[in-house]
Amino acid sequence: SSVSTQSTGVDYFLRNSYYDTAIEMVKSVGIQDIVDTELFISGRDIEKSLAAHDVQPCLQWCHENRSRLKKTRSTLEFNLHTQCFIEKIRAKDYIGAIQYAQRYLVESEGMCKEKLQETMVLLAFKPSTQCSKYKALFSEDRWQELVLEFRASNYELHHLHTESLLSTVLQSGLSAIKTHQCYSSEKSGDCPVCNEPLNSLATPLPFSHCTQSRLICRISGKPMNEHNAPMMLPNGNVYGEEALTEMMATDGILTCPRTNEKFWLDQAYKVYVM
């Protein structure tokens, strides 16, 4: 239905941070009751704070949802405190880092002994270290990782799939019509998967499972069956009888669309499929 399609579009916009577009769409089509925009907008504010290197709103969110996060074995709170610990080391506040670790890291939800030991070793390294294992912990990319971890935890708490419904529907549709021919030299101009950009998007998806094959005429796009017999030209290419008859009536001769070779109709042979 149109409402389902519109809500799918809104869900996609919200998940990809097009909040203003999503809100305008919700208002224009009147689907406020079936789309939870508040969930995504509140999440957006926390993601913005993390991107600005502020963990407090996210820590508050963890505190409010601690029991539910514990059930999912989330490590978000531990990773947030770890980042605070790292920032104190970056600021050369080693005493403050040790005190922070004693107060928060040991008691935080999702604490892992091995991860804690790995984190405490940072006291012996500088942020400019070239040791790959600890260089990654000092990397600014960790803030984006925290954004993604919060988003995943937020979705899991509210039983939302990590991918948008639009992405799931698109992948299902592409997989349903994807065949090995889509990645051969015999691509069809009428097949969506045979053409870019869908051809690249469908690459990692499974091929369709066809229990029955159908022959389709390359010229007319119609099925070749007992009513439209497959006819093979001398060059080995097969087309529907209807298309060849129509071409013969129009041009007086058959022209193979693949090779541009010309033949008479009586040179074509009927093909029988067992």
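Below or above, wherever it landed, is the structure these notes cover. (Residues numbered from 1 in each chain as written. Predicted model: local features only at pLDDT ≥ 70, side-chain atom pairs only at ≥ 80, totals over all residues. Heavy atoms only, no water.)

## Details of the layout of surface pockets
Of the volumes computed, that of the largest pocket is approximately 860 Å³. Taken together, 24 residues make up the lining of the largest pocket; nearest its centre are Gln-181, Ser-188, Arg-214, Leu-215 and Ile-216. By residue class, the composition of the lining of the largest pocket is 11 nonpolar, nine polar and four charged. (1 Å grid on protein atoms, 1.4 Å probe; cavity = no way out; pocket = protein on both sides within 12 Å on 5 of 7 lines; lining within 4 Å. Points joined across faces, edges and corners; volume = space filled by probe spheres on them. Nonpolar A, V, L, I, M, F, W, Y, C, P; charged D, E, K, R; others polar.)

## Comments concerning unusual backbone geometry
At the junction of Glu-196 and Pro-197, the peptide bond is cis and its omega measures out at 5° in the coordinates. Considering the arrangement of structural elements, one finds Pro-197 in the loop between helix 11 (165-177) and helix 12 (198-201). One non-glycine residue with positive phi stands out, namely His-53, at about 65°. Within the secondary structure, His-53 is located in the loop between helix 3 (37-51) and helix 4 (56-64). With a phi close to 65°, Lys-92 is a non-glycine residue in the positive phi region. (Helix = DSSP H or I, 4+ residues; strand = E, 2+ residues; numbered from the N terminus.)

## Observations concerning the sheet that holds strand 2 (residues 238-240)
The strand order across the open sheet built from three strands is 2-1-5, with neighbouring strands paired in antiparallel fashion. Unpaired on one side and paired on the other, strand 2 and strand 5 (269-270) mark the two borders of the sheet. One ladder, built from three bridges, connects strand 1 (residues 230-232) with strand 2; its direction is antiparallel. Looking at strand 2, one finds that Met-232 is bridged to Val-238. Running over the sheet, helix 13 (residues 241-251) touches strand 1 and strand 2 and is turned about 80° from strand 2. (Pairing = 2+ DSSP bridges. Contact = heavy atoms within 4.5 Å. Axes fitted to C-alpha atoms, helices over the stretch in contact; angles between N-to-C directions.)

## Some words on a nonpolar patch on the surface
A grouping of Tyr-12, Tyr-18 and Leu-166 is seen on the molecular surface, where their side chains present a nonpolar patch of about 270 Å² in accessible area. Note on placement: Tyr-18 falls in the loop between helix 1 (2-15) and helix 2 (19-29). (Patch = residues over 30% accessible without salt bridge, like charges linked within 9 Å, V, L, I, M, F, W, Y side chains within 5 Å. Areas by Shrake-Rupley, 256 points an atom, 1.4 Å probe, with all protein chains shown as cover. Salt bridge = Lys/Arg side-chain N within 4 Å of Asp/Glu carboxyl O.)

## Thoughts on the environment of Leu-14
By the secondary structure assignment, Leu-14 is in helix 1. Judged by its relative accessible area of 1%, Leu-14 is buried. Note: C-alpha distance between Leu-14 and Arg-44 (30 residues apart in sequence) is 9.3 Å. (Buried < 20%, exposed > 50% of the residue type's maximum accessible area, 1.4 Å probe, protein only.)

## What to know about the side chain of Ser-7
Inspection of the secondary structure assignment puts Ser-7 in helix 1. What Ser-7 contacts, discounting residues up to four positions off in sequence, is Ile-31, Ile-34 and Val-35.

Interpretation note: all reported values are geometric properties and have no functional meaning in isolation.
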